[in-house]
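# Observations on chain architecture
Here is how the chains run, residue by residue.
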Amino acid sequence: MTEGTHSEPELRLRDLQMCFEGLVPAVVATADADGQPNVTYLSRVQIVDEERVALSNQFFSKTARNIAENPRAEVLLIDENTYDQFRLALRYERTERHGRVFEALRRDVDAIAALEGMQDVFKLRAADVYRVVQIERVLAAVHRRGEADVGALPEAPKGTSGASATEIAELSGRLGRCGDLDTLVSAALTGLAEVLGFEYSLLMLLDEAHDRLYTIGSHGYAAEGVGSEVELGAGVVGMAAQQCQPVRVGRLLQARKYSRSVRLSFEAGGQVAPGVEIPTPGLERAGSQLAVPAMALGRLVGVLMVESERPAAFDDADEAVLNVVASMIASAIEVDIARERSEADDGSSPMPSKDPRGAAQPTTQVRFFEVDGSVFLGTEYLIKGVAGRILWSLVNAYVREDREEFTNREIRLDPTVDLPEFRDNLESRLILLKRRLDEREAPIRIVKTGRGRLRLEVQARLQLDVAPAR
Amino acid sequence: MQLRPEHVSLLVDDRALIVGTVSAEGVPRATRGWGTTIVPGESEFRLLLDADDETTLENLRATGAIAVTGACVRTLRSVQVKGRVRSIETPTALDLAMADRHAAMMFLAIEETDGTPCEIGHRLVPADFVVCLVDAHVLFDQTPGPAAGAHVEAGV
């Protein structure tokens, strides 16, 4: 034992839990057969069991080559709450490329890769498992100097909700009382804040092609961001959707920094194209994100994401609570879709408009781009894709047929909308469109007039233009 | 080898320093460095270590082999110098002033990028230092990514 260190036979890996959260990168030293040392930072260290840890191996690094020659290693860890340091003397045992340990490390690495769109190139290759020979606590220098401690230590991170069964029941009750999907989305996101304490949340739904997610509602942000999209696999949300598993990043600032650094290295090697930014809706300086898949009947419906400016803001209990809430939302959406499709249209023809179209109203240009279904009001982008084609169909009927009342059934049968024959998302697309029009304070609004019915309310003269294809 | 200015910049000022040594029996040791004085174009530099870390100092006396990785806290760009320690000395007043400056700058950079208060970081600063004279032999890019571990051409 050396001065400044304190050997504690009773120290166990589980006592060092806060060293493995990833705030302060661990350091690993190895040596080759010729006695040349190597020292580097580690992206992830994880407890395997009472006597073992696993180190992530993404690049078949010098560390891995040294271990093949000399199985001894030493890892320096920092408890991110107290900044106490610990030394772990290690001996290499085995490398795993599948199984529980590998999968747990892979999820962490995948989440880091997804932050900068590197999920295709930055992957965990192996989990190297080591037996822990000795654990030493390195006394903080302030204790060795016998001085009073400097600065107040930060509080140990705590989860956000700490939800009780009563609170979950309260939210469940709120959702159960919602009569339609629009109300349900608002109630769910508001309830997450009011009942469970998740101040910033985002609900994204899977699109018809199953390759993107679109925002249908959010809570806590300056802009609701309705209609923003992410690809499957991109960012924390896209990764949760692709893997149908919760993704939690507790140290987002550090993870982004590491991910950006790795991305620059891949760009320099020409393995990824520069300039691709993955837009992640949400807080500018988020410290933590937790995304959980919303699934019903074994099928992915969307992703519920919460975030916080606080690092390590979410724990296992939060993840469990979010899973329950996401399942409730997904089930409600599935029920709504099934009900909406099964209820027969009463067959009555929508009535033509009786209100004279105000000749004195200002004119709004509605521009439609066939190539991607995007719609602009004047020069401002509004929406694209299925929702854009629905709006274009509605305003055409409004202008050319003098109609304001519509049914879901006729929209579904309109070939220009291009909905998939099986399992369309018409109702959620209509809600997305309604919310987007409300958010933009557009002179065109959608008002639900009954189940499967809507009215287009227009406060302008519409000039329709189809933009030429490029 | 002579250290180029662009590599020196990753080993001085607010750069985080980690150090690897090895015993005569081949047992590796990880510790932290607490500042360097490097003149670009020269091969020898001064490195401050914890005077209480006897295992590290024993390793250096036994084998002299050392690896020093310097990383920019803000970007994680990193280089690793490998070489030999020629001597271990008592630090001068200038060395101690440099250690103070290094810790202040590094923990400020960490606070600005990661949010960890400087005061907490200062808990790590050793009570006493020694200074090692390191002769740099070889340099590696240690920036996280596929090029990590690549040999960097020596010379000015």
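Computed from a prediction, not measured in an experiment: that's the story for all the values here. (Residues numbered from 1 in each chain as written. Chains lettered and ligands numbered in written order. Predicted model: local features only at pLDDT ≥ 70, side-chain atom pairs only at ≥ 80, totals over all residues. Heavy atoms only, no water.)

### Some remarks on the overall build of chain A
- Looking only at helices and strands, one finds 11 helices and 21 strands in chain A.
- Counting over 470 residues, chain A shows a buried share of 52%.
- If you take every contact in chain A between residues at least 6 apart in sequence, the share linking residues at least 24 apart comes to 67%.
- If you sum the accessible surface of chain A, you get close to 20,900 Å²; carbon and sulfur atoms cover 49% of it. (Helix = DSSP H or I, 4+ residues; strand = E, 2+ residues; numbered from the N terminus. Buried < 20%, exposed > 50% of the residue type's maximum accessible area, 1.4 Å probe, protein only. Contact = heavy atoms within 4.5 Å. Areas by Shrake-Rupley, 256 points an atom, 1.4 Å probe, with all protein chains shown as cover.)

### Details of the nonpolar core
Residue and element names in this part refer to chain A.
- L304 and I444 are the most contacted members of the largest nonpolar core, which has 69 residues in total.
- There are two domains that each give this core at least three residues, and those are domain 2 (165-270 + 284-342) and domain 3 (363-466).
- What I444 contacts, discounting residues up to four positions off in sequence, is V366, L377, L391, V395, L437, L456, E457, V458 and L462. (Core = buried A, V, L, I, M, F, W, Y, C linked by side-chain atoms within 4.5 Å. Domains from an automatic or database assignment.)

### Quick look at the environment of S201(A)
Residues and elements named next belong to chain A.
- Counting through the fold element by element, S201 comes out in strand 9 (residues 200-206).
- As for S201 and A188, which are separated by 13 residues in sequence, their C-alpha atoms are 9.6 Å apart.
- Not counting the four nearest positions on each side in its chain, S201 is found in contact with L189, L192, S218, H219, Y221, M305 and V306.

### Focus: the sheet that holds strand 21 (residues 461-467) of chain A
Residue and element names in this part refer to chain A.
- Taken in spatial order, the 4 strands of this open sheet run 17-16-15-21, and their pairing is mixed. Only two strands of the sheet have a single partner each, and these edge strands are strand 17 (380-383) and strand 21. Taking each pair of neighbouring strands and ignoring which way they run, the sheet shows an average axis angle of 30°.
- Pairing analysis gives 4 bridges linking strand 15 (residues 363-369) to strand 16 (residues 374-377), with the strands arranged antiparallel. Along strand 16, the bridge assignment pairs F368 with V375.
- Those strands touched by helix 9 (residues 385-400) are strand 15, strand 16, strand 17 and strand 21, and its axis lies near 130° from that of strand 21. (Pairing = 2+ DSSP bridges. Axes fitted to C-alpha atoms, helices over the stretch in contact; angles between N-to-C directions.)

### Structural notes on the pattern of salt bridges
- Here the structure, examined in full by the defined rule, presents 45 salt bridges over all chains.
- R29(B) is the partner of E136(A) in a salt bridge, and the nearest nitrogen-oxygen pair spans 3.9 Å. Of this pair, E136(A) sits in strand 8 (residues 126-138) while R29(B) sits in strand 2 (residues 28-33), each in a different chain.
- Between R403(A) and E410(A) there is a salt bridge whose closest N-O contact spans 2.8 Å. (Salt bridge = Lys/Arg side-chain N within 4 Å of Asp/Glu carboxyl O.)

### Observations concerning the packing of helix 9 of chain A against helix 11 (residues 426-439) of chain A
Residues and elements named next belong to chain A.
- For the pair helix 9 and helix 11, interaxial distance at closest approach is 9 Å and the crossing angle is 75°. Classified by the angle their axes make, helix 9 and helix 11 are roughly perpendicular. Contacts from V386, A387, I390 and L391 of helix 9 reach helix 11 at L426, R429, L430, L432, L433 and L437.
- Looking at the contact of helix 9 with helix 11, its residues break down into 9 nonpolar, no polar and 1 charged. (Parallel < 35°, antiparallel > 145°, perpendicular 65-115°, else oblique. Nonpolar A, V, L, I, M, F, W, Y, C, P; charged D, E, K, R; others polar.)

### Quick word on the sheet that holds strand 9 of chain A
All names here are of chain A.
- Strand order in the open sheet made by the 6 strands is 11-10-9-14-13-12, with antiparallel pairing throughout. Each edge of the sheet is formed by a strand with only one pairing partner; in this case those strands are strand 11 (229-231) and strand 12 (247-249). Averaged over all pairs of adjacent strands, the angle between their axes in this sheet comes to 25°, without regard to strand direction.
- Here strand 9 runs beside strand 14 (residues 299-308); their pairing, made up of 6 bridges, is antiparallel. When the sheet's bridge partners are listed, L203 is paired in strand 14 with L304.
- Of the strands in this sheet, strand 9 and strand 10 (212-219) touch helix 11, which is tilted by about 55° from strand 10.

### A few points about the packing of aromatic side chains
Residue and element names in this part refer to chain B.
- A full pass over the atoms with the stated rule returns 8 aromatic pairs over all chains.
- Ring geometry for W34 and F107: centres 6.4 Å apart, planes at 45°, overall tilted. A residue pair is termed long-range when its members are at least 10 positions apart, and W34 in the loop between strand 2 and strand 3 (36-38) and F107 in helix 3 (residues 93-114) qualify at 73 residues. Just as W34 is buried, F107 falls in that class too. (Phe/Tyr/Trp six-rings, centres within 6.5 Å; stacked < 30°, edge-to-face > 60°.)

### Considering the domain arrangement of chain A
- Taken domain by domain, chain A comprises domain 1 (5-144), domain 2 (165-270 + 284-342) and domain 3 (363-466).
- Domain 1 of chain A and domain 3 of chain A are separated by 54 Å when their C-alpha centres are compared.

### Here's the deal with the interface of chain A and chain B
- The interface of chain A with chain B comprises 51 residues on the first partner and 50 residues on the second.
- Taken over both partners, the interface formed by chain A and chain B buries close to 4,200 Å², and the fraction arising from carbon and sulfur atoms is 54%.
- If you sort the residues of chain A by the area they bury against chain B, V39(A), Y83(A) and K257(A) come out on top, with a joint share of 16%.
- Our count for the chain A to chain B interface comes out at 16 residue pairs in polar contact (both at pLDDT 80 or more).
- Looking at the side of chain A that touches chain B, the element that brings in the most residues is helix 7 (residues 252-268) of chain A, giving 8 residues. (Buried area = accessible area lost by both parts, 1.4 Å probe. Polar contact = N/O pair within 3.5 Å; in protein donor to acceptor, adjacent residues only side chain to side chain.)

### Points about the confidence of the model for chain A
- Counting all residues, the mean pLDDT for chain A is 84, and 85% of those residues have values of 70 or more.
- Within the model, pLDDT remains below 50 along residues 274-279 of chain A, and this stretch shows 9 contacts once partners closer than five positions in the same chain are excluded. (pLDDT = per-residue confidence, 0-100.)

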